[in-house]
Amino acid sequence: MRLTKSTDLALRTIMRLAVTGAEPCTARQVAGEMQVPYSHLAKVAARLQHLGLIETRRGRGGGLALTATGRTASVGQLVREFEGVGDVVDCEGDTPCPLRQGCRLRMALRRAQEAFLASLDPLTVDDLVASPTGPVLLGLVGRAPGLSP
């Protein structure tokens, strides 16, 4: 299974916000540190806000900040929210698979997908930023491309 770019960015963003605590940072700053387009990060941030995992504040002193809910959020649930529900393969697509009625692979892949997500369920955002990851993330803070450390 491969995560979408939005899911990957959501996980990296929430981890980034977790290491700096209550100190807000701008979406442009995070986009620079993650080396992603600002517009993509803005869409992901809006979704994270809608889920109650981050808060956004406009104006001077504003920015993105992780909520208490975001800190204890299940990584598996976050992946489910961003990936949506669906099979790993599309057996019913534009050209339906001729094996779909009696295929055992479809169910095996569905079980594997659920096992993958279930293995992420007990992990929280706090778990993801425990050492050694947290210190590495802190080393990235404020380092956008083209800036010296």
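Attention here is on the structure that accompanies the text. (Residues numbered from 1 in each chain as written. Predicted model: local features only at pLDDT ≥ 70, side-chain atom pairs only at ≥ 80, totals over all residues. Heavy atoms only, no water.)

1. Examining unusual backbone geometry
Here the residue pair Ser-131 and Pro-132 is connected by a cis peptide bond, since its omega of 15° sits within 30 degrees of zero. Turning to its location among the elements, Pro-132 is positioned in the loop between α7 (125–128) and α8 (133–140). (Helix = DSSP H or I, 4+ residues; strand = E, 2+ residues; numbered from the N terminus.)

2. Here we look at helix α3 (residues 38–50)
With 13 residues, α3 ought to run about 18 Å at 1.5 Å a step, and its terminal C-alpha atoms sit 18 Å apart, in line with that. Residues of α3 that are buried make contact with α1 (5–19), α2 (27–34), β1 (54–57), β2 (63–66) and α5 (75–83). One or two steps after α3, the chain reaches Gly-52, where phi turns positive at roughly 80°. (Expected span 1.5 Å × (residues − 1). Contact = heavy atoms within 4.5 Å.)

3. Brief notes about the pairing of β2
As judged from the four bridges shared by β1 and β2, these two strands associate in the antiparallel manner. Bridge assignment links Ile-54 to a residue of β2, and that residue is Leu-66. The hairpin turn running from β1 into β2, its antiparallel successor, is five residues long, and Gly-59 in that turn takes a positive phi close to 85°. (Pairing = 2+ DSSP bridges.)

4. Some points on the nonpolar core
Of all hydrophobic cores here, the largest spans 32 residues; its most connected members are Ile-14, Leu-41, Leu-48, Ile-54, Leu-64, Leu-66 and Leu-78. Among the secondary structure elements, those contributing two or more residues to this core are α1, α2, α3, β2, α5 and α6 (105–120). Looking at this core, the element that brings in the most residues is α1, giving eight residues. Those residues in contact with Leu-41, other than ones at most four positions away along the chain, are Leu-9, Thr-13, Ala-27, Val-30, Ala-31, Val-36 and Leu-64. (Core = buried A, V, L, I, M, F, W, Y, C linked by side-chain atoms within 4.5 Å. Buried < 20%, exposed > 50% of the residue type's maximum accessible area, 1.4 Å probe, protein only.)

5. Structural notes on the packing of aromatic side chains
Overall, the coordinates contain zero aromatic pairs when judged by the stated rule. If you follow Arg-28 out to its NZ or CZ, it ends over the ring of Tyr-38, 3.9 Å from the centre. In this arrangement the basic side chain of Arg-47 is found over the ring face of Phe-82, its NZ or CZ atom lying 4.6 Å from the centre. (Phe/Tyr/Trp six-rings, centres within 6.5 Å; stacked < 30°, edge-to-face > 60°. Lys NZ or Arg CZ within 6 Å of the ring centre and 35° of its normal.)

6. Points about the state of the cysteines
Evaluated as defined, the whole model comprises zero disulfides. Here Cys-103 stays free of any disulfide, with the sulfur of Cys-91 as its closest cysteine sulfur at 6.0 Å. You can call Cys-103 partly exposed: its relative accessible area is 25%. (Disulfide = S-S within 2.5 Å.)

7. As for the environment of Thr-133
In this structure, Thr-133 sits in helix α8. Residues Thr-133 and Val-19, 114 residues apart in the sequence, show an inter-C-alpha distance of 9.3 Å. If we skip the residues at most four places from it in the chain, Thr-133 touches Met-15 and Leu-128.

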